[in-house]
Amino acid sequence: MSNWKTLLLRIGEKGPEYGTSSDFKDHIETCFGVIRREIERSGDQVSPYLLQCAEQLPHKIPLYGTLIGLLNLENEDFVRKIVESVQANFQVALDSGNCNSIRILLRFMTSLLCSKVVQPASLIVVFETLLSSAATTVDEEKGNPSWQAQADFYVICILSSLPWGGAELAEQVPDEIERVLVGIQAYLSIRKHSSSSGLNFFLKGESENSPSEKDFLEDLWDRTQSLASNGWKLDSVPRPHLSFEAQLVAGKFHELRPIKCMEPPSPPSDLSRENIGKQKHDALMRYPQRIRRLNIFPANKTEDVQPIDRFVVEEYLLDVLLYLNGCRKECASYMANLPVPFRYEYLMAETLFSQILLLPQPPFKTLYYTLVIMDLCKALPGAFPAVVAGAVRALFEKISDLDMESRTRLILWFSHHLSNFQFIWPWEEWSYVLDLPKWAPKRVFVQEVLQREVRLSYWDKIKQSIENASALEELLPAKAAPAYRYSLEEGKEKTEEHQLSAELNRKVKEKQSARDMMSWIEETIYPVHGFEVTLTVVVQTLLEIGSKSFTHMVTVLERYGQVFGKLCPDNDKQVMLLSQVSAYWKNNAQMTAVAMDRMMGYRLVSNQAIVRWVFSPENVDQFHVSDQPWEILGNALNKTYNRISDLRKDISNITKNVLVAEKASANARAELEAAESKLSLVEGEPVLGENPGKMKRLKSTVEKTGEAEVSLRESLEAKEALLNRALSETEALLLLLFQSFSAVLKERLPEPAKARSMEDLKSEDGNSSAMEVDSENGNPKKKTEIGEREQWCLSTLGYLTAFTRQYANEIWPHMEKLKLEVFSGEDVHPLFLQAIFSALQIPLQ
């Protein structure tokens, strides 16, 4: 990397590029001297890289803004082009709905105002354009209130940029910025309050007994008002331009051109609940909320930090996570060294957990946050590990109120995190969960974490890690030995089934083909013993052969999968096949899940068979005490969704290739026609067409391009047929899934008159009591637990909501069919509909 690029990249950091100085002024002056000379040699390269640094290291925007301000004093034309590029990029981001670029570029323009580069009045025009668009969107008559998410986002962008330039705006254009703030207050008076789901118990103010009812925008508005009343003074945004104020005042202002905001779609002509919900869902997918703030720790843990400073640090952390997601160590390093003068470890932990638990889904996979937290623990060994442990304890105390999707993510994160730190945890603190009912959320959480740890290590290692709370061994899974029915142990009676299994085993060792084996089964076992015995012998024997490892199992399925397919051609028999797989691997949840996932991948079992097996009586009773049925159901839904996604990607790529092939074929035909129309001399005589050699080549090209186009069109038709089939199968799957949920819930939910909301369900009288530990003195205390039936209902409804939310994009195209066959009817329980509609943003009334 060139020296000037390194200086730009590392500005504001301690490192060899700037010697021993950590002063922003020294860094800016050093960088300015180098960049000024580099512009003369390669100005076209400097501008794009400088903008890239500002956009992808946004916590350094004040430094880059000041640097540009200094460059403006000597090279107005260069800076004018930068401002034009910023605004052009901003307009492109508005047109495409690129939320991150809109937010960062508006912050950058505000910072350029501080450096006397951007005209204040023109920035106010940008703010007012965004605000006007927001107000129009939520207007019942002129706009489309279902797209309030877009309007809220525009207003959030305005408010979130003010910490970087509010003081300068208040000083230079006080009336104009006051007009903008009054407009925002007016907007807040006409918009609808947005509710948060899944983490409401952490969305509170300083008082434990006074939960805040403010949504994110309302809360940010309060923080901004507090900042304004404090004279726009805050600690979290560096103001390096003040060190150069005497110089910058001589710079020339550059005007920002008017912008145009993207209009939301028109309201649907039919204002049904479903149509309104669909538009709300689309808006939230396009303009998702960036964070759902968690106040996990007491207020005194975050020191005396202004509310707006907390917001700014969250912005820094989220920006670093976003733009450095491919460089985990760099990401952790930047997060640990933000340009703020106060400690923020607790705030950093809350922000990270807010992302892990974010609904409907976090920006990145849980694994990414796991690695970042691990690197932060290593980078800040004296502080951050204890903070993370405190966050886990706080979340554990509230685990019964956590959304099921968030709870599953927390289990996956925590087990993986412990695997990176030798599985060390003070399990004795949680040993009291053994006194809780087996369905208690805290007990289930500890059980699932331990089971996940066994997957990441081995049974004896995890047993050793809980030796300080050895009673918790009760929650460990059984040792992962398969339940093979035909083992040849001494003293064990050998039945005819043992002999059949041994014969089948011999045939596998002899590497007989699947066809030969199937012939033997149909001639020898099936006529004599019937289907059930045949299936048991085949499944037990083949899984035993593949039981040594994942690779062995996959090899058996690839080689002899046809045997399973021939034996179980329909859903009824496939459900029996899955039951046999579950019975064989009953001591190993991981192998059960992997085997079923592979079987579906090889199309040996259908997704509908898996749904039917999950909702069979043997599993329904486990819905509230084990995550295994939900894991297998989630895998099946995910694989179905991935198939559709892959087909859509293939169709998109082939469609592009068809257009290219059409153009190539048309060009070849045009070139041939042009050649045929020309007159040329052959042996002194005029002949229509060019020389035979060239004509032959052109005809060959036409044939080849034509064949390529036909081949691509045939491929496209085949893929479209597969997609239509997959969508048809998905509709049948969704019907079965929701019908199955409705049926099992109807059997166990209280009468609608007794439970019309989740809170009603939680307040149902429990039928058992359990011991919990007082968090202050560690002494046991009595607490009434809700009953087993109520917990089963809450767990099942929670997973129903989670699956609906996760696969909403695939559910919406089939809504009419679902509404007709599942969601309508007098016998549909209100809580069943409430769980689905809340996930799909459909109004309940």
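Now for a look at the structure at hand. (Residues numbered from 1 in each chain as written. Predicted model: local features only at pLDDT ≥ 70, side-chain atom pairs only at ≥ 80, totals over all residues. Heavy atoms only, no water.)

### So, the pattern of salt bridges
Part 1: For the structure shown, the criterion picks out 54 salt bridges.
Part 2: With a closest N to O distance of 2.5 Å, arginine 223 and aspartate 219 form a salt bridge. With arginine 223 and aspartate 219 both in helix H10 (residues 216-229) and four residues apart, this pair spans about one turn of that helix.
Part 3: For arginine 223, a relative accessible area of 10% corresponds to the buried category.
Part 4: With a closest N to O distance of 3.0 Å, glutamate 314 and arginine 310 form a salt bridge. You can see glutamate 314 and its partner arginine 310 sitting in helix H13 (residues 307-323), four residues apart, about one turn around the helix. (Salt bridge = Lys/Arg side-chain N within 4 Å of Asp/Glu carboxyl O. Helix = DSSP H or I, 4+ residues; strand = E, 2+ residues; numbered from the N terminus. Buried < 20%, exposed > 50% of the residue type's maximum accessible area, 1.4 Å probe, protein only.)

### Quick notes on the environment of aspartate 309
Part 1: By the secondary structure assignment, aspartate 309 is in helix H13.
Part 2: A residue is classified by how much of its surface remains accessible, and aspartate 309, at 1% relative accessible area, is buried.
Part 3: The spatial distance from the C-alpha of aspartate 309 to the C-alpha of proline 163 is 8.8 Å, given a sequence separation of 146 residues.
Part 4: With residues up to four places along the chain from it excluded, the contact list for aspartate 309 reads Leu234, Asp235, Ser236 and Phe342. (Contact = heavy atoms within 4.5 Å.)

### Let's talk about unusual backbone geometry
Part 1: Here leucine 359 and proline 360 are connected by a cis peptide whose omega angle stands at 5°.
Part 2: Along the chain, proline 360 falls in the loop between helix H15 (345-356) and helix H16 (366-379).
Part 3: Positive phi outside glycine occurs at glutamine 422, with the angle close to 60°.
Part 4: Summarising the element assignment, glutamine 422 is placed in the loop between helix H18 (404-419) and helix H19 (441-456).
Part 5: Overall, glutamine 422 belongs to the exposed group, its relative accessible area being 58%.
Part 6: Phi at arginine 603 takes a positive value of approximately 60°, unusual for a residue other than glycine.
Part 7: Looking at the secondary structure, you find arginine 603 in the loop between helix H25 (589-601) and helix H26 (607-614).
Part 8: Classification of arginine 603 by relative accessible area gives exposed; the value is 56%.

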